[in-house]
Each structure stands twice: as structure tokens, then as C-alpha cells.
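Letter by letter, the chains look like this.
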Amino acid sequence: MIIKKIKTTAKDLLTDGSVSLIIGYGINGPGDVTPVFIKDPDDVEKLVWNDQCYYNLIRYLSDRDFIEQNNGSIGIIIKGCDQKSLKVLLSESQVNRDKIKVIGVTCKGLMDSDGNVLAKCEACDVVYPDKDFCDVIIGEEVKKKEKEKDFSDIDEIDSMDLPDRKKFWDNFFERCLRCYACRNICPLCYCKECIMDQHNPQWVLPSASVVGNRLFHIVRAYHLTGRCVDCGECERVCPIGMPLRKINRKIIKVVKERFDFESGKDQEQKSPLTRYRENDSEDFII
Amino acid sequence: MSRSHFDSGEKVKKKLKIIGFLCNWCSYAGADLAGTSRLQYPADIRIIRVPCSGRMNPLLVLKCLQEGADGVLVSGCHPGDCHYQEGNYYVRRRMLILKNLLEYFGIDKRRFHMSWVSASEGAKWADVVKKVVEDVRDACEEEVKTAG
């Protein structure tokens, strides 16, 4: 049983003192999975594992204050998709890999609260976390599915006429509340002072207007260029149901086609915007 | 982005506001050469000098468009000619992503351009400006038309 193994592993790590905190999934009420923080070995019974564990817990590791409070020694339960986020954080030197213990768990796909399989899980290619990356691996090994990335939804928007495309997005920009939930949940948005909160100079209109919202979403997506691993958390938390993955995946597509780069694969690889090739295509330059 | 200075009703072509970000070492000198050679080109462009095209932050482009510029042009040294060796290689990647994103959100790609103009290419600079102004004007006209 996966959950039994998770509990014993967590207990062992806490008792032998290799970590002072375990971040995992717990239960808040019937059918309501929530992140839990376990410091006492006796509390490991609170851990759960089911198909509702959709939170990307790596979010907590990108919070430097939080890591410092726990002396950096944190054990964390991750799925294959979360592992990609962690690899990006490592490639940006945001996390000290030696201090954290990674417990990888095989995931067979997640459901939303209505029982539908999450869209990101249908396109998943990392059911089983990397053996040599995780400290502990729980669950039976599943063969990696080599899937060609499907960008048909992006092509669909790309093939729209310009005014239609503008209308499609403006429809969401009119409703965006600028609650910044998409930014706050993102495991890779870790700037201490976000550019959206800056007032001098004020780059982006802070009001929830179409102009300001459009710019906000361009900048948010741009800052994830070559970094976003399509964990889908932003789209999940969006209160107006904006298809944020469609924005992120557009950039993933461009980066893959033009720079031949996929984020979250290799922690040694630097972001494509910090590198260049002399023969990069420049068909857009006049 | 939303505020267009273009008015299709007028017979005299209204002046556009196009912001040009020119690198200090090549494009700015190229534009200067166009001026000293008395080359004619539309006066719809306002030039901002940047130390290197690699200094270009996509936010600068976006801010211009947000504040009501009709178009933006970024110009730097030819690849391999950068005064700082590699600034223009980085900006080339950055602006590619930006251009794709703008288009994806329904902003006409003709509003944002990038070019390489060296210090000796005064004539090319004049041609680039002519093309950019023409493109931006077309984009504005089309937007007015579709907006009904």
C-alpha cells in the first residue's frame, strides 16, 4: 500500500532527524485534500494519498523565508509532475538539494472535485518520478510513456482571425479580478517583490481593467518563458476559469520549436533566455 | 493597445506615435547618418537611445503600447557586431517570445518590429522606418475598420 509506505518513510525521516518537517497531503474534511505540515512523528497518521492530491507542494520550497524557518531540512512528497517544478527551482539555485528529502510517489492520474480526470494528467508523461532524483520512491515502477506533446488547442487559437482572437482573450481580461491567485500559487513565481506590486516605476496598471489585465497576463506568462512546466496550478485556482494553461503552453510550444528546449527535464540546463545560439532563427526581423 | 491615434475619417494622414528603441553603437549612429545624409523618412517615429539592444526589457515595449503608442521598433547591431559581443543575441530570443505572445493575444504583429541597422546603414534606417510606419498605419486602419 502506497499510503502505508508514505507514513513509515515520513516517520523514519522525522525520527532519525534528517528532516524537521514533512510536507505532504492531508485531509480537511470529506473529499477535501489539503497540504499538511508534519513535525511530530506521531502525526504521520494525518497523511493521505489519493487521486485528489493535485496540489503542487513545491510551491512551499520556493518560499525562502519558509525554508529558513525550518533550517532547510524539509521532506516533501512529490508526484512526477511536481518533480519538474523542483528541477527548475534547482536549476535556478533556489533550493539546496542536499538539505531536502524528496519522497517520490507514483501517480496514476488525478481527479478534480467533480471526479473528472485533470486535463494535465491526460497529457502526462511522468507517471513515475526519476529514481536517481528522489531520495525515496514509493509505488510500483511504471514505464515512461513517450508522448508527443499535443498542442492542437494552441493551434486552434492561433488559427483564429486576429479580431476573433482578441475577442476571445478580452472576454477573459474583462472578468479577471487581478486577485493574483495564479501568481501566488505558481511554484516558480518566487520574486520577493513582484513587478506587479511595484509603484515606482509602475509598469502595469494595477486596476482590473482590460488594458491592465492584458498586460498583466502577458508579463506573467513571459516571466515563465522556458520555466513553466505546465503543472496547471494557475488554471486550477483561477476564480473566473481563465484558460491560463493555454497561455503557458503557447510559450512552451514556441520555446520547444524555436529553441529546442523543454523545462523541467534537466536541472543542469539553464533557461533558454539566458543562452543563445548564433544561428537562432530571425525570420521576424526586418 | 486600446487607444489608437488613428482616425480614418481624416483626409490628411494623422501622425502616428511609434517608439523606436535604438542601440547606441549601431542603430542610433545609423539614424544619425540618415539625418546627416539628408535622407527623407516619415517623422512618426520617436527615438529612445538605449546602451545596447540587449538592454531591452519586454516591459519597455509593453509599457509603450499600454500608454498608447501605435507601434514599437527595436533596432540593434547586426548579429556578431554587438559592441558588447552578445547583447543582440539575447534580445533576439526575448523579442521573439514577446512578438509571439502579442500576436497570440490578438495584438497585430505589425505593431511591433525589430531590425538590425548598422552605423553605416543610413539608407537602410530610412527604409526600415518607412516600412514600419506603413505597417503600423495598415494595422491601425484595419483595427478601426473591424471595430466598426
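None of these values were measured; they are calculated from a predicted model.

**A short note on the domain arrangement of chain A**
Residue and element names in this part refer to chain A.
Okay, so step 1: Annotation of chain A at the domain level lists domain 1 (2-138) and domain 2 (152-274).
Okay, so step 2: Contacts between the two partners involve 21 residues from domain 1, matched on the other side by 21 residues from domain 2.
Okay, so step 3: Across the domain 1 to domain 2 interface the summed buried area is about 2000 Å²; carbon plus sulfur atoms make up 52%.
Okay, so step 4: Where domain 1 packs against domain 2, one counts two salt bridges.
Okay, so step 5: For arginine 227, the salt bridge identified is with glutamate 92, shortest N-O distance 2.7 Å.
Okay, so step 6: The tally of links between domain 1 and domain 2 comes to 10 residue pairs in polar contact (both at pLDDT 80 or more).
Okay, so step 7: Those elements giving two or more residues to the side of domain 1 that touches domain 2 turn out to be α2 (58-61), α3 (64-69), α4 (80-91) and α5 (119-122).
Okay, so step 8: Among the elements that take part in the side of domain 1 that touches domain 2, α4 stands out by supplying seven residues, more than any other.
Okay, so step 9: Among the residues forming the side of domain 1 that touches domain 2, the class breakdown is eight nonpolar, five polar and eight charged.

**Considerations on the packing of aromatic side chains**
Okay, so step 1: Evaluation of the coordinates by the stated rule reveals 18 aromatic pairs over all chains.
Okay, so step 2: When the centroid spacing of 6.4 Å and the interplanar angle of 20° are considered together, the rings of Trp169(A) and Phe173(A) count as stacked. Of this pair, Trp169(A) and Phe173(A) are both found in helix α7 (residues 162-173), four residues apart, which corresponds to roughly one turn of the helix.
Okay, so step 3: Owing to a relative accessible area of 0%, Trp169(A) belongs among the buried residues under this scheme.
Okay, so step 4: An aromatic cluster of at least three residues, connected via ring pairs, comprises Phe168(A), Trp169(A), Phe172(A), Phe173(A), Tyr104(B) and Phe105(B).
Okay, so step 5: Its end group placed over the ring of Phe133(A), Lys87(A) keeps NZ or CZ at 5.2 Å from the ring centre.
Okay, so step 6: Positioned above the aromatic ring of Tyr28(B) is the side chain of Arg49(B), whose terminal nitrogen or guanidinium carbon lies 4.9 Å from the ring centre.

**Focus on the interface of chain B and chain A**
Okay, so step 1: Contacts between the two partners involve 38 residues from chain B, matched on the other side by 46 residues from chain A.
Okay, so step 2: Carbon and sulfur atoms make up 70% of the area that chain B and chain A hide from each other, which totals about 4000 Å².
Okay, so step 3: Among the residues chain B hides against chain A, the three largest losses belong to Arg93(B), Tyr104(B) and Phe105(B). Together they make up 25% of the total.
Okay, so step 4: Along the contact surface separating chain B from chain A lie two salt bridges.
Okay, so step 5: Note that Arg92(B) is salt-bridged to Glu282(A), the shortest N-O span being 2.8 Å.
Okay, so step 6: At the surface where chain B touches chain A, the tally comes to 14 residue pairs in polar contact (both at pLDDT 80 or more).
Okay, so step 7: Of all the secondary-structure elements, those providing two or more residues to the side of chain B that touches chain A are α2 (58-66), α3 (87-104), β4 (112-116) and α4 (122-146) of chain B.

**A look at the environment of Cys179(A)**
Residues and elements named next belong to chain A.
Okay, so step 1: Secondary-structure assignment places cysteine 179 in the loop between α7 and α8 (181-185).
Okay, so step 2: Note on cysteine 179: relative accessible area 40%, which makes it partly exposed.
Okay, so step 3: For the pair cysteine 179 and leucine 14, spaced 165 residues apart in sequence, the C-alpha separation works out to 37 Å.

**A word on the packing of helix α9 (residues 210-222) of chain A against helix α11 (residues 244-259) of chain A**
Residue and element names in this part refer to chain A.
Okay, so step 1: Running from N to C, α9 and α11 cross one another at 50°; their axes reach a closest spacing of 10 Å. By the criterion of interaxial angle, the relationship of α9 to α11 is oblique. As for how α9 packs across α11, the hand of that crossing is right-handed. Contacts between α9 and α11 pair His217, Arg220, Ala221 and Tyr222 from the former with Leu244, Ile247, Asn248 and Ile251 from the latter.

**Description of α3(B)**
Residue and element names in this part refer to chain B.
Okay, so step 1: With 18 residues, α3 extends 26 Å from end C-alpha to end C-alpha; this agrees with the ideal 26 Å at 1.5 Å per step.
Okay, so step 2: Counted residue by residue, α3 has 16 buried out of 18 residues, so it is predominantly covered.
Okay, so step 3: Directly after α3, the chain includes glycine 106, whose backbone phi takes a positive value near 85°.

**Here we look at the side chain of Arg94(B)**
Okay, so step 1: Checked against the element boundaries, Arg94(B) lands in helix α3.
Okay, so step 2: Nearest to the buried, unbridged Arg94(B) among oppositely charged side chains is Glu86(B), at 9.3 Å.
Okay, so step 3: A polar side-chain atom of Arg94(B) sits 3.0 Å from the main-chain carbonyl oxygen of Gly54(B).
Okay, so step 4: Setting aside residues no more than four positions away along its own chain, Arg94(B) makes contact with Tyr222(A), Leu273(A), Gly54(B), Arg55(B), Met56(B) and Pro58(B).

**So, the pairing of strand β1 (residues 18-23) of chain B**
Residues and elements named next belong to chain B.
Okay, so step 1: Burial analysis of β1 places six of its six residues in the buried class, the great majority of the element.
Okay, so step 2: Along β1, one buried face is formed by Ile18, Gly20 and Leu22 and the opposite face, lined by Ile19, Phe21 and Cys23, is buried too.
Okay, so step 3: Handedness of the crossover joining β1 and strand β2 (residues 45-50) through helix α1 (residues 27-36): right-handed.
Okay, so step 4: Pairing geometry for β1 and strand β3 (residues 71-76), over five bridges, is parallel.

Rules and cut-offs
- Residues numbered from 1 in each chain as written.
- Chains lettered and ligands numbered in written order.
- Predicted model: local features only at pLDDT ≥ 70, side-chain atom pairs only at ≥ 80, totals over all residues.
- Heavy atoms only, no water.
- Domains from an automatic or database assignment.
- Contact = heavy atoms within 4.5 Å.
- Buried area = accessible area lost by both parts, 1.4 Å probe.
- Salt bridge = Lys/Arg side-chain N within 4 Å of Asp/Glu carboxyl O.
- Polar contact = N/O pair within 3.5 Å; in protein donor to acceptor, adjacent residues only side chain to side chain.
- Helix = DSSP H or I, 4+ residues; strand = E, 2+ residues; numbered from the N terminus.
- Nonpolar A, V, L, I, M, F, W, Y, C, P; charged D, E, K, R; others polar.
- Phe/Tyr/Trp six-rings, centres within 6.5 Å; stacked < 30°, edge-to-face > 60°.
- Buried < 20%, exposed > 50% of the residue type's maximum accessible area, 1.4 Å probe, protein only.
- Lys NZ or Arg CZ within 6 Å of the ring centre and 35° of its normal.
- Axes fitted to C-alpha atoms, helices over the stretch in contact; angles between N-to-C directions.
- Parallel < 35°, antiparallel > 145°, perpendicular 65-115°, else oblique.
- Left-handed = near helix turned anticlockwise from the far one by under 90°.
- Expected span 1.5 Å × (residues − 1).
- Lys, Arg positive; Asp, Glu negative; His and termini not counted.
- Right-handed = clockwise from strand over helix to strand, strands pointing away.
- Pairing = 2+ DSSP bridges.

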